[in-house]
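Single-letter residue listing:
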Amino acid sequence: MNETHNNSGINIDSIDWKVWTPDEKSVIVFIIDKKQNRTLLIHKKTGLGAGKINAPGGRIEKGETAAQAAVRECREEVSMTPLGLQKRAELYFHFTTGYRLYCEAFISNAWEGEPANSYEAEPFWCGLGDIPWEKMWEDDRDWLPSAIDGKKVKGYFIFNDDDMIAEKLEEVKNFES
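The rules we used
Residues numbered from 1 in each chain as written. Predicted model: local features only at pLDDT ≥ 70, side-chain atom pairs only at ≥ 80, totals over all residues. Heavy atoms only, no water. Disulfide = S-S within 2.5 Å. Buried < 20%, exposed > 50% of the residue type's maximum accessible area, 1.4 Å probe, protein only. Helix = DSSP H or I, 4+ residues; strand = E, 2+ residues; numbered from the N terminus. Arc of directions from axis to C-beta. Contact = heavy atoms within 4.5 Å. Expected span 1.5 Å × (residues − 1).

**Some thoughts on the state of the cysteines**
Part 1 of the argument: This structure, assessed with the given rule, holds 0 disulfides.
Part 2 of the argument: Not engaged in a disulfide, the cysteine C74 finds its nearest cysteine sulfur in C103; these two sulfurs lie 12 Å apart.
Part 3 of the argument: You can call C74 buried: its relative accessible area is 0%.
Part 4 of the argument: The exposure class of C103 is buried, given its relative accessible area of 6%.

**As for unusual backbone geometry**
Part 1 of the argument: Backbone geometry places N37, a non-glycine residue, at a positive phi of 50°.
Part 2 of the argument: For N37, the position within the fold is in the loop between β2 (24-33) and β3 (38-44).
Part 3 of the argument: Unusually for a residue other than glycine, S79 sits at a positive phi of about 60°.
Part 4 of the argument: As for its position among the elements, S79 is in the loop between α1 (66-78) and β6 (81-83).

**Some remarks on helix α2 (residues 140-148)**
Part 1 of the argument: Listed in full, the buried residues belonging to α2 are D140, W143, L144, S146 and A147. What you see down the axis of α2 is that its buried residues fit within an arc of 165°, all on one side.
Part 2 of the argument: Those residues of α2 hidden inside the fold are in contact with β2, β4 (53-54), β7 (86-95), β8 (100-108), β11 (152-160) and β12 (163-172).
Part 3 of the argument: Positive backbone phi, at 95°, marks G150, one or two positions downstream of α2.

**What to know about α1**
Part 1 of the argument: Between the first and last C-alpha of α1 there are 18 Å, a value that for 13 residues agrees with the 18 Å anticipated at 1.5 Å per step.
Part 2 of the argument: Buried within α1 are the following residues: A66, A69, A70, V71, R72, E73, C74, E77 and V78.
Part 3 of the argument: Buried-residue contacts for α1 involve β2, β3, β5 (57-59), β6, β8 and β10 (121-127).
Part 4 of the argument: Phi turns positive, to about 60°, at S79, one or two residues after α1.

Next comes the structure, spelled out in C-alpha cells:
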C-alpha cells in the first residue's frame, strides 16, 4: 500500500470495500497489437480525465454488461470493435469529493476496423515500451503492466482531484461473479 500526501483523513483501510458502492460503473479497453508490440491509446477530449492519455472506455449503461459496454465504447470513441475481450482488472476509485467509480479493465488482442477520431477521443498507436505514464491517471502505472502481462488484478485507489493519495493492488486468480 502506498499512502502519500493524504490530508483528507481518508485512507485505504478506513474504507470498508466490501460494502462500498460506486456512483457509476465503467469500462476501459486496451487493444493490444502483439505483432507490432503496441497498444491503442487515446487523447481524451471529454468527461472525466479530459486532457489525459487513456484507452477507450466509459460508463456502463443500464441493461448492459461490462463486455457490451466495452464494445460499444470502442465503437463510439475510436470506430473499432474489440474481439476476444479478456477481463484483467477490477478498479475501485474513491475521490475525496465523495464520488465513487468502479471500472472493469479489458485487454483485446484482436479487433475489427481502423482507429478514427471522434468528438470524445483522438486515438493513436503507442509502443508498449513508450507508454506516456506521466500523461495518464497515476494508477495506470500500478496495475496496467500486470494486466498486459496476463495477470488479473484488483486495485483500490483514492484520488484528490487528479492526485492519487493512496493505493492498494492485489493479484487475484479469478474475479468473483
